[in-house]
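A look at the structure
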Amino acid sequence: MTDSKYFTTTKKGEIFELKAELNSDKKEKKKEAVKKVIASMTVGKDVSALFPDVVNCMQTDNLELKKLVYLYLMNYAKSQPDMAIMAVNTFVKDCEDLNPLIRALAVRTMGCIRVDKITEYLCEPLRKCLKDEDPYVRKTAAVCVAKLHDINAQLVEDQGFLDTLKDLISDSNPMVVANAVAALSEIAESHPNSNLLDLNPQTINKLLTALNECTEWGQIFILDCLANYSPRDDRESQSICERVTPRLSHANSAVVLSAVKVLMKFMEMLPKDLDYYGTLLKKLAPPLVTLLSAEPELQYVALRNINLIVQRRPEILKHEMKVFFVKYNDPIYVKLEKLDIMIRLASQANIAQVLAELKEYATEVDVDFVRKAVRAIGRCAIKVEQSAERCVSTLLDLIQTKVNYVVQEAIVVIKDIFRKYPNKYESVIATLCEHLESLDEPEARAAMIWIVGEYAERIDNADELLESFLEGFHDESTQVQLQLLTAIVKLFLKKPTETQELVQQVLSLATQDSDNPDLRDRGYIYWRLLSTDPVAAKEVVLAEKPLISEETDLIEPTLLEELICHIGTLASVYHKPPSAFVEGSRGVQHKRLTSSAGSGESVESPDTGSAAVSEAPPTVIPSQGDLLGDLLNLDLTPPTSTGPPPTTAPGMQLGAMDLLGGGLDSLLGGDIGGSPAMGTGFGAPPAAMPASFNAPISGGLDDLFDLGGGGGLTMGTYIPPKSVWLPAMKAKGLEISGTFVRRSGVIQMEMTLNNKAMSVMSDFAIQFNRNSFGLAPAGPLQILTPISPNQSIEAALPLSTVGPVMKMEPLNNLQVAVKNNIDVFYFSCQYPISMLFLEDGKMERQVFLATWKDIPNENESQFQIKDCHLNSDAASNKLQGSNIFTIAKRTVEGQDMLYQSMKLTNGIWVLAELRVQAGNPNYTISLKCRAPEVSQCVFQNYETVLKN
């Protein structure tokens, strides 16, 4: 009878009966009882009450019974740690048993019992097993080290197990070597900076020797380890490739893919004119083709990997096109992946064959597949220029079938063909217009509207066609609405007299009746362009478009390099780096292919000219090429005063200047009929601002973005040195460097403007985007004289904290737009958060204590400040200069504890505990705040102030 009988019992009082059987004198009865216990455990019954009775059964020579007891132990040790300690003596004893199977079983179970109390007892048995005479025990112990490291990393390092593992790489048994490599690789993943796997030519030689003799999974571990090695030169690279190549003929597909990964990486080091390079390319094709004869799931994994390989080295499979032709019984996921690879391999030599296949696929019954096939024909036309005409005629044949979804996909791809080959195939537009009524999918409708707008001068009734779409404007998707707006503006610029009413209608629909901000913004921009400068509008809207290429669907080169290094893993199936889908991936390293020095494929950025400014913070504002950047989101009210900045009430909001000149009200004043609704919201002045920084604050503790402030007069704030914010090369010769200071309670932005251009610069104005703490200019930028070439000028801009608020990333990021007589320029900079610390930020002791207790513990953050050589008094004095006030100080066991408070301009209090140990250059700081987002910025500020 089979073991299924153990799963069928439903008796009551079962635990009591099992207890009696487990304590029976008869060995057979004991064994039966343990099997019943394991069966109950497997189906989810709680049999933890039998723990002591099952543990007593460990004292046996019967290997089967021992395995069952160990299985029970692994399951319940975590919930019964105190009871599990009873089993320690048996483990230690079993680790010295004469039978190597029992020794290995004991050490394997020890690694699986994740209980801290037990781990320290297991170190000695593990050390013995790592040096056991039997290789089976040694290989099991190697894996146990990795498991133990996961439970208690410090213990493993202190006991010297890592060194023992490194020694096992030189073991005579290949399986021990493979498991040692696997264990070290896993440990290294959680400690990416530790050089655990110190790979050198001698170690690599040992691994390659073991590769031929170990099991298939051992081979995978070794191959994955080899993939992380960087050969010294092309000779060593060739030698490794020669010894790895035999793995390509392995029956296990995982071994094949791991071998392909190693070869793909080391091929980068080989000169392309080398004979061996050509031989290796030929050897890589057959194993990849063989993978496609497996079951569909394996085929899919292979195809996803081949997709990456083909993008990196299409020459490997250029003669294997037929393998990727779709079979009638392939699942849809395999069909779609094969189709993608066919396009990647399409070339002038095989395009006729590919097109014949694709035309056949377009008549299939599977709708998704047919759509992809029609798109593929379009991609072929864009990729292989000589085939474009044949592709267009194929698409026209498909349109004649009048199958709705085929027609729609064909129109979408013909639009792309027009973009790639302008003025070549426009004769087919008439045919496309015949099918206008049948289009019901947003993408197809948008494509058709684009064609009508782009070639309006060739279509007699273009205005009627676009007007037919306009009737249901609000029912259309955003994509269609945006395309329709642009197409009608194009039509107006080409035929202004006939379409004035139509353009007014669409601008009115887009700006007044739409809730979509993208559509509204585009409508306003067109309206303004048309009303102020129709010539400029023509240049912008009817500008020559860049030709498209088939490269758009390729994976970005640096990501592709990383994915090639992960062939055979989930990353290669998802086409995403491991960091994108592995949770808590602190150990995930970004891998890159290593190119040989002579290969001409530089890994460095080609833009060496930007080296001087590479340290600058990343630009968050749109580049100067984006016409209006983010300025439409900014407050574009005209200035209320042009005099010098106020000194008595720095909190007054003097509206910033309109960087675009003329305000958006001018949209109403053009040739096109205006709409009164448009004026509100854009030209309207802001609501009245508080007259003083000293206005009372309400409930600021709970909200990071409450506005308010406070004004003291203390001085001595740490002033960061000026850094370059806007390099001259990005601003047509204008270089701006600057810093932030807080003087007498007023925040100032101190700048040096340097003219490195050949022309005079004048008419300066400045504006900030919305930011985390509402920083805004408290007056206009005072540069009263023009700046001549090679001249620089100092400027100080007082700032208020009552501007519009939007959370930034990082929190202290500030996006700035500067206008002069040449252009508008954008940059971003980061201000030290101490600029926002108020002079009245010293809290009463009792209030401090009550607030500290009141703020939840989860809002507490702890940081380390390293290499700081100040005593506690010096640190306190230095911090007070930046409005960080010490409330109290106490000394505990030679450690000074400073309790400090600071208050931000928006009313948020930050409380700190700074621990300073005499003779220890590392400080510990704990920060508590109702808005924990600010803690990181405050810590960075502490570090900067204390170290400068």
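One can find the structure itself at the top, above this paragraph.
Residues numbered from 1 in each chain as written. Predicted model: local features only at pLDDT ≥ 70, side-chain atom pairs only at ≥ 80, totals over all residues. Heavy atoms only, no water.

Looking now at unusual backbone geometry. Cis geometry marks the peptide bond from Glu-809 to Pro-810; its omega dihedral reads 0 degrees. As for its placement among the helices and strands, Pro-810 is situated in the loop between strand E6 (792–800) and strand E7 (813–819). Its identity is not glycine, yet Ser-744 carries a phi of approximately 50 degrees, on the positive side. With respect to the helices, strands and loops of the structure, Ser-744 is situated in the loop between strand E2 (734–743) and strand E3 (746–755). (Helix = DSSP H or I, 4+ residues; strand = E, 2+ residues; numbered from the N terminus.)

What follows concerns the nonpolar core. The biggest cluster of nonpolar side chains holds 207 residues, and the ones touching the most others in it are Tyr-72, Val-244, Leu-358 and Phe-418. Non-local contacts of Phe-418, meaning those with residues more than four positions away in its chain, are made with Tyr-425, Glu-426, Val-428, Ile-429, Leu-432, Trp-450, Ile-451 and Tyr-455. Within the second largest apolar cluster, 63 residues are counted, among which are Ala-731, Ala-757, Phe-825 and Ala-931. (Core = buried A, V, L, I, M, F, W, Y, C linked by side-chain atoms within 4.5 Å. Buried < 20%, exposed > 50% of the residue type's maximum accessible area, 1.4 Å probe, protein only. Contact = heavy atoms within 4.5 Å.)

Right, let's talk about the sheet that holds strand E4 (residues 765–768) for a bit. The strands making up a sheet associate through hydrogen bonds between their backbones, and the pairing can be parallel or antiparallel. What the three strands build is an open sheet, ordered E4-E7-E8; its pairing is antiparallel. Taken across any chain shown, the strands that pair with only one partner, and hence form the sheet edges, are E4 and strand E8 (824–830). The sheet shows a mean angle of 25 degrees between the axes of neighbouring strands, taken without regard to direction. Pairing geometry for E7 and E8, over seven bridges, is antiparallel. Pairing of Ala-817 across the sheet is with Tyr-826, part of E8. (Pairing = 2+ DSSP bridges. Axes fitted to C-alpha atoms, helices over the stretch in contact; angles between N-to-C directions.)

Summed over all chains, the structure comprises 37 salt bridges. The shortest N-O distance in the salt bridge between Glu-409 and Arg-375 comes to 2.5 Å. Taken together, the residues span a long stretch of sequence, with Glu-409 in helix H24 (residues 404–420) and Arg-375 in helix H22 (residues 367–383) at a distance of 34 residues. Look at Glu-409 and you get buried, because its relative accessible area is 6%. With a shortest N-O distance of 2.8 Å, Lys-732 and Asp-823 are connected by a salt bridge. (Salt bridge = Lys/Arg side-chain N within 4 Å of Asp/Glu carboxyl O.)

In this section: the side chain of Arg-247. Along the polypeptide, Arg-247 turns up in the loop between helix H16 (234–244) and helix H17 (253–267). One buried charged side chain, Arg-247, makes no salt bridge at all; its nearest oppositely charged neighbour is Glu-216, positioned 9.5 Å away. Excluding its chain neighbours within four sequence positions, the residues that come into contact with Arg-247 are Leu-211, Asn-212, Gln-219, Leu-223, Val-255, Val-256 and Ala-259. (Lys, Arg positive; Asp, Glu negative; His and termini not counted.)

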